[in-house]
Amino acid sequence: MPQYITDIDVSVNEAEQHQLRKHGFTQVHVNLNPEGKGNMIYLWYKTSDCPAITRIQFSFTDKMKEGLVTEGYHKVDKNLNTGNSGSPIYLWFYKGSSQYDVPIVELDLSTDAEADATKVQPLWERLPCDLNRRAGGNWIYLWVKRETQTYICDINATLNSSSDANLLRQGYIRMDEDTNRDARGAYVFLWYRQTTDSQKAIKDLQVSTDQESKESYENQNYEKVEINLNEGTLGTPVYLYYKKNECSKDPIKMITLILDPTAVLPYINAGVEVVEKNLNEGNSGFREYLCFN
């Protein structure tokens, strides 16, 4: 029988490490507080042939939790930044059975730009929440491996939490990093949905940061995600465009965000398409880039 990830937990001290090991959990050997700024925190998981975890989300604000609670996501009630001044980050998981849910079979963590880029491989996808968010030090990201190859088939965006539950119900995965990070605007999140059918996949993504590029993509029959990714800031309106009927392009397997400026070149060298247009164009927020493989 195939072995799936069926449970996830977190330890924030040695006693919890001992208990999780005793109950058959496997440790991911990466300390989520690597520079001694807080507790030694580790991610743990179990595998079995029971119903698989198919979606993992993170929250770092109360509003981010609301839709997850409504839709029955399981919260691992351990702050991944316990003992430091970083954002209070919590992991949530869901065992879905819709056409958009594909079992997760392996977990891994990356702790630097070079290691991050080398993880871009078939079946793997990178969740864009920095697990060291606002704690300083390394950029740490969770990678998940699926049982079969998935492709991005739908993309959306929100600027408040009112539609989170509805999107989760429809099989969407939230990209848990604000495209307005530190820009003093609305909390804006991108969302995507996956398929195992490459014929239904999105083939190209582009970002407009001025009127000229906006008109260019529309003239090329790109479809527009209607939410301004710079909403509520003094910056330039920023919009995401996508296209499915692009014969010269391969189907997109993974989409994520880059906030670490040292990661751009390693990603490009790894063959990842980095859309080098700042999602925080014209404001003082984090420089963020969309990338896809």
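Notes on the structure in this doc start here. (Residues numbered from 1 in each chain as written. Predicted model: local features only at pLDDT ≥ 70, side-chain atom pairs only at ≥ 80, totals over all residues. Heavy atoms only, no water.)

### So, the environment of leucine 80
Next up, step 1: By secondary structure assignment, the location of leucine 80 is in the loop between β5 (74-76) and β6 (90-94).
Next up, step 2: In this structure the C-alpha to C-alpha distance between leucine 80 and isoleucine 41, which are 39 residues apart in sequence, comes to 6.7 Å.
Next up, step 3: The contact partners of leucine 80, leaving out residues within four places of it in the chain, are Val10, Leu32, Asn33, Ile41, Phe58, Ile89 and Leu131. (Helix = DSSP H or I, 4+ residues; strand = E, 2+ residues; numbered from the N terminus. Contact = heavy atoms within 4.5 Å.)

### With respect to helix α5 (residues 211-219)
Next up, step 1: Regarding α5, the residues found buried are Ser213, Lys214 and Tyr217. Projected down its long axis, α5 shows its buried positions confined to an angular sector of 105°, all on one face. Summarising the geometry of α5, the exposed residues directed more than 90 degrees from the buried face are Glu212 and Asn219.
Next up, step 2: In the core, the buried residues of α5 are packed alongside β13 (204-208), β14 (223-225) and β15 (239-243).
Next up, step 3: Put simply, aspartate 210 is the residue that caps the front of α5, since its side-chain oxygen is 3.3 Å from the backbone nitrogen of glutamate 212. (Buried < 20%, exposed > 50% of the residue type's maximum accessible area, 1.4 Å probe, protein only. Arc of directions from axis to C-beta. Polar contact = N/O pair within 3.5 Å; in protein donor to acceptor, adjacent residues only side chain to side chain.)

### Focus on the nonpolar core
Next up, step 1: By size, the foremost hydrophobic cluster in this structure holds 62 residues, and its most contacted members are Ile8, Ile56, Phe58, Leu107, Leu131, Leu142 and Leu205.
Next up, step 2: Ignoring anything within four residues of it in the chain, the contact list for leucine 107 reads Ile5, Ile8, Leu43, Tyr45, Ile56, Trp124, Leu142, Trp143 and Val144.
Next up, step 3: Core analysis: the second largest hydrophobic core is formed by 15 residues, Trp124, Tyr141, Met254 and Val264 among them. (Core = buried A, V, L, I, M, F, W, Y, C linked by side-chain atoms within 4.5 Å.)

### Some remarks on the sheet that holds strand β12 (residues 189-195)
Next up, step 1: Taken in spatial order, the 3 strands line up as β10-β12-β11 in an open sheet, and their pairing is antiparallel. Two strands bound the open sheet, and with one partner strand each, they are β10 (151-158) and β11 (173-174).
Next up, step 2: Sheet analysis places β10 next to β12, joined by 7 bridges and oriented antiparallel. Residue pairing across strands places isoleucine 152 opposite glutamine 194, the latter belonging to β12. (Pairing = 2+ DSSP bridges.)

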